[in-house]
Amino acid sequence: RMVDEQRLLFLLLHGKGGYNLPSRIQVRGANMLHHGSNMQVVQKSLFDFEPDEEFNGEERAVALFLDKQSELLWWYRNRVGEKHYSIQGWESRKVYPDFIAAKQKPEKPDDYSHIYVLEYKGKHLKGNADTVYKQELLQRCDDTTWEELGEQFAGKKFRFQLIYQDEYEQVLGKAFSQ
């Protein structure tokens, strides 16, 4: 509904291109992503159905952690492919961040104050060439003033972060509690 009313937008422009969050996704799995033994399905996913089969163990843990954050408005698991959000850096390959999440605006709980673009890496990948490249690219994006893109971004903050397996709870917990 919020997408249809254009109240929910995530658009980053570069030249003639841009990206809008999809209004629908194709689902292949049958089991919904849920929290542990109580079988409660995720509540804050941007989409009503998140197929459990499409998450590896580490991605599942991040998604479930995000879903528990009280100041989270919504989260979206980005996928890899031409129709999904990507960042084109100085290398030829695109970077497809793992998650996009919105933090609620304190004075207006159905609006967002921050958008977090998150790339997740296992701790064993710290320091490898791919991780270093992605970290540098995300840092450059994080240093950009996004409000220049248009009035719909006035007062909004965008954070581009690479988070590691051994610190995602601390980093995301801090981001969604301030």
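For the structure, check the block above.
Structural notes, computed from the coordinates. Keep in mind that this is a model prediction, so the values were computed, not measured.

1. A short note on the nonpolar core
Ranked by size, the top nonpolar core spans 22 residues in total, and within it W74, I87, Y112, I115 and F160 carry the most contacts. When contributions to this core are tallied by element, the ones reaching two or more residues are strand 3 (72-77), strand 6 (99-105), strand 7 (108-121), helix 2 (129-142) and strand 8 (157-164). By size, the runner-up hydrophobic cluster in this structure holds 17 residues, among which are F55, L66, L118 and I163.

2. Observations concerning the sheet that holds strand 3
On the basis of which strands lie adjacent, the open sheet formed by four strands has the order 3-6-7-8 and mixed pairing. Unpaired on one side and paired on the other, strand 3 and strand 8 mark the two borders of the sheet. For this sheet, the mean angle separating the axes of adjacent strands, direction not counted, is 25 degrees. Judged from the eight bridges that link them, strand 7 and strand 8 form a sheet pairing that is parallel. Each bridged residue has a counterpart across the sheet, and for K121 the counterpart in strand 8 is Y164. Lying on the sheet, helix 1 (residues 57-67) is in contact with strand 3, strand 6 and strand 7; it crosses strand 3 at an angle near 160 degrees. Against the sheet, helix 3 (residues 168-175) engages strand 6, strand 7 and strand 8, with an angle of about 165 degrees to strand 8.

3. Focus: the environment of K103
On the secondary structure map, K103 appears in strand 6. Classification of K103 as buried rests on a relative accessible area of 4%. Expressed as a C-alpha distance, the spacing of K103 and W75, which sit 28 residues apart in the sequence, is 9.0 Å.

4. What to know about helix 1
Taken together, the buried positions of helix 1 are E59, V62, A63, L64, F65, L66 and D67. Measuring from the side-chain oxygen of the N-cap residue of helix 1 to the backbone nitrogen of E58 gives 3.0 Å; that N-cap residue is N56.

5. A word on helix 3
Helical geometry note: an α-helix holds 3.6 residues per turn, so side chains three or four residues apart project in the same direction. For helix 3, the complete set of buried residues consists of Y168, L172, G173 and A175. Along the long axis of helix 3, the arc covered by the buried residues comes to 160 degrees, so they all point the same way. For helix 3, the exposed residues lying more than 90 degrees away from the buried face are Q170 and K174. In the core, the buried residues of helix 3 are packed alongside helix 1, strand 6, strand 7 and strand 8.

Cut-off values and rules
- Residues numbered from 1 in each chain as written.
- Predicted model: local features only at pLDDT ≥ 70, side-chain atom pairs only at ≥ 80, totals over all residues.
- Heavy atoms only, no water.
- Core = buried A, V, L, I, M, F, W, Y, C linked by side-chain atoms within 4.5 Å.
- Buried < 20%, exposed > 50% of the residue type's maximum accessible area, 1.4 Å probe, protein only.
- Helix = DSSP H or I, 4+ residues; strand = E, 2+ residues; numbered from the N terminus.
- Pairing = 2+ DSSP bridges.
- Axes fitted to C-alpha atoms, helices over the stretch in contact; angles between N-to-C directions.
- Contact = heavy atoms within 4.5 Å.
- Polar contact = N/O pair within 3.5 Å; in protein donor to acceptor, adjacent residues only side chain to side chain.
- Arc of directions from axis to C-beta.

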